[in-house]
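If you want the building blocks of each chain, they are given just below.
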Amino acid sequence: PSQTVRLMDRERNPFLEVALSATQEASDYIREQSKLTRQIDFKGTTDLVTQADRGSEEIILRQIEAEYPEHSILAEESDGKRLKSQFTWIIDPLDGTTNFVHGYPFYAVSIALFKDESPLIGVVSDVFHEQIYSAVLGEGAYCDGEKISVTGTSKLQKALLATGFPYIHDEIWQRNMEYFREFTDRCQGVRRAGAAALDLCHVACGWLDGFWEHGLQPWDSAAGMLIVEEAGGKITRNDGSLFSIFHDNIVASNGILHKEMLAVINS
Ligand code: IPD
Ligand code: CA
Ligand code: CA
């Protein structure tokens, strides 16, 4: 309840309202599910899916479709919906499923609204800690109603970074192991906590100085990318070019460290 009250302080936008409300209900549902025995199915050897993923997605879709039946939807656990709309909701109903299954308190709900190729709204909830990160294009980034911003760290040597690894242990995965070693050698530490949407929010709120990953899906980065950018950070692809959620490699930073991070990845 206190979380809801704090969110009320912010000036509302109807799209943001729906995203916040769906995130809130889905997060409450996941918290309830976390008290029950997990029913686990396997999408791959280590790629898990639970009732919490599916139920959370149903809640989110129900709310969004009730308000905006004409909008397209891209969601992880269902076929989605491609309509003739400029607007697309991009949904990860539970980011960090492996953490959720093990009870490791680092999992999220992520909802973004895109107009054509550009993010308009991004909402990510840290389900366990009951915190909600949000951003509206051009209006800054917030955590529970408080404005957040990236760090001012100016040297990689002084930075704390994060990354993640895809489920498929292919050549990309192998390459990321190399980057992991290289960055660990050059900065103050690299964290691998297992929920990309939250990793991005931690760059946005200044708990991390940068994040990179390969093999992400659109719903992993859609909301987080706007939250980082609105917090003053920078997002590109590995080669420094413009990032889109349909590119599977991402480098996010406080902006100042970006060049140094790209140099390590491209060395
Ligand atoms: C995963 C998490 C993880 C990242 C994986 C994603 P999921 O999402 O974001 O941090 O390393 O690439 O697939 O499967 O838990 O929604
Ligand atoms: Ca995910
Ligand atoms: Ca997921």
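Before reading further, recall that the structure is shown in the block above.
Just so it is clear, the model here is predicted, and its values are computed rather than measured. The residue numbering used here restarts from 1 in each chain and proceeds along that chain's sequence as written. A letter from A marks each chain and a number from 1 marks each ligand, given out in the order of writing. Only residues with pLDDT of at least 70 get local features here, since the model is predicted, and only at 80 or more are side-chain atom pairs given and counted; chain-wide, interface and lining totals rely on the full set of residues. For side-chain calculations, the full set of non-hydrogen atoms in the structure is used, while hydrogens and water are omitted.

Caption draft 1: The arrangement of the site of ligand 1 in detail. We call a residue near a given molecule or strand whenever any one of its heavy atoms falls within 4 Å of it. Within the structure, ligand 1 sits among 15 residues, and Asp95, Gly96, Tyr167, Gly194 and Glu213 are positioned closest to it. Here a polar contact is recorded for every N or O atom pair within 3.5 Å, except that within protein the pair must consist of a potential hydrogen donor and a potential acceptor, and residues adjacent in sequence are included only if both atoms are side-chain atoms. Residue Leu94 places a main-chain N or O atom 3.2 Å away from an oxygen atom belonging to ligand 1. Here the accessible surface of atoms and residues is derived via Shrake-Rupley with a 1.4 Å probe, and residues count as covered only by protein chains that are part of the display. Taking 380 Å² as the accessible area of ligand 1 by itself, protein coverage stands at 94%. Throughout, the protein atoms alone are placed on a 1 Å grid, and a set of points is a cavity if a 1.4 Å probe fits but cannot get out or a pocket if it is open with protein on both sides within 12 Å along at least five of seven lines; lining residues have an atom within 4 Å of a point. A cavity or pocket is said to hold a molecule if more than half of that molecule's atoms lie within 2 Å of its grid points. At a threshold of 2 Å from the grid points, most atoms of ligand 1 map onto the largest pocket.

Caption draft 2: Structural context of the pattern of salt bridges. The salt bridge definition used is simple: a Lys or Arg side-chain nitrogen within 4 Å of an Asp or Glu carboxyl oxygen. Enumeration according to the criterion identifies nine salt bridges in this entry. Glu25 is the salt-bridge partner of Arg62, the closest N and O atoms lying 3.8 Å from each other. With a gap of 37 residues between them, Arg62 in helix H3 (residues 51-67) and Glu25 in helix H2 (residues 14-33) connect regions that are remote in the sequence. Through salt bridges with shared partners, a single ionic network connects Asp28, Arg31 and Glu130. Helix and strand definitions here come from DSSP, where helices need a minimum of 4 consecutive H or I residues and strands a minimum of 2 consecutive E residues; each element is numbered from the N-terminal end.

Caption draft 3: Layout of the coordination of the calcium ion (ligand 3). Summarising the metal site, the calcium ion (ligand 3) is bound by the protein donors Glu76 (OE), Asp92 (OD) and Leu94 (O), whose distances to it range over 2.2 to 2.4 Å. In the primary structure, the donors to the calcium ion (ligand 3) are separated according to the pattern E-x15-D-x1-L. The metal-metal distance between the calcium ion (ligand 3) and the calcium ion (ligand 2) comes to 3.7 Å, with Asp92 coordinating both. Of this pair, Glu76 sits in the loop between strand E3 (72-75) and strand E4 (87-95) while Asp92 sits in strand E4; the two residues are 16 residues apart in sequence, bridging distant segments of the chain. Buried residues are those whose accessible area, probed at 1.4 Å on protein chains only, stays under 20% of the maximum for their type, while exposed residues exceed 50% and partly exposed ones sit between those limits. Residue Asp92 is classed as buried on the basis of its relative accessible area of 0%. Excluding water, the donors of a metal are its N, O and S neighbours within 2.8 Å, or within 3.2 Å for Na, K and Ca, and that exclusion means sites may look incomplete.

Caption draft 4: Local environment of the coordination of the calcium ion (ligand 2). Ligation of the calcium ion (ligand 2) by protein atoms is provided by Asp92 (OD), Asp95 (OD) and Asp220 (OD), these donors lying 2.1 to 2.3 Å from the ion. Site description for the calcium ion (ligand 2): donor spacing in sequence, D-x2-D-x124-D.

Caption draft 5: The arrangement of the layout of surface pockets in detail. Of the volumes computed, that of the largest pocket is approximately 840 Å³. Forming the walls of the largest pocket are 38 residues, and the residues nearest its centre are Asp47, Phe165, Pro166, Tyr167 and Glu213. When residues of the lining of the largest pocket are traced back to their parent elements, those giving at least two are E4, helix H4 (97-102), helix H5 (171-186), helix H6 (196-204) and helix H7 (218-230). Basically, the charged four are Asp, Glu, Lys and Arg, the nonpolar ten are Ala, Val, Leu, Ile, Met, Phe, Trp, Tyr, Cys and Pro, and anything else, Gly included, counts as polar. Class assignment of the residues belonging to the lining of the largest pocket gives a composition of 13 nonpolar, 12 polar and 13 charged. Around the second largest pocket, the lining is made up of 17 residues, and of these Ser72, Leu74, Arg82, Thr88 and Phe246 lie nearest the centre. When contributions to the lining of the second largest pocket are tallied by element, the ones reaching two or more residues are E3 and E4. Here the element with the most residues in the lining of the second largest pocket is E3; it accounts for three residues. In terms of residue class, the lining of the second largest pocket is made up of seven nonpolar, five polar and five charged. Grid points are joined across faces, edges and corners, and a volume is the space filled by probe spheres set on the points.

Caption draft 6: Spatial organisation of the sheet that holds E4. Only strands that DSSP links by at least two bridges are regarded as paired with each other. Pairing within the open sheet is mixed, and its seven strands lie in the order E3-E4-E5-E6-E7-E8-E9. Each having just a single partner strand, E3 and strand E9 (146-148) make up the two edges of the open sheet. Direction aside, the axes of adjacent strands within the sheet are offset by 20° on average. By the bridge criterion, three bridges tie strand E8 (residues 141-143) to E9 in an arrangement that is antiparallel. Bridging from a neighbouring strand, Ala141 pairs with Ile148 of E9. Contacts: residue pairs with any heavy atoms within 4.5 Å of one another. Throughout, an axis means a line fitted to C-alpha atoms (over the contacting stretch in the case of helices), and angles, computed between N-to-C directions, take values from 0 to 180 degrees. Here H6 sits on the sheet and contacts E4, strand E5 (108-115), strand E6 (118-126), strand E7 (131-136) and E9; the angle it forms with E6, its principal contact strand, is near 100°. Lying on the sheet, H7 is in contact with E3, E4, E5, E6, E7, E8 and E9; it crosses E6 at an angle near 100°.

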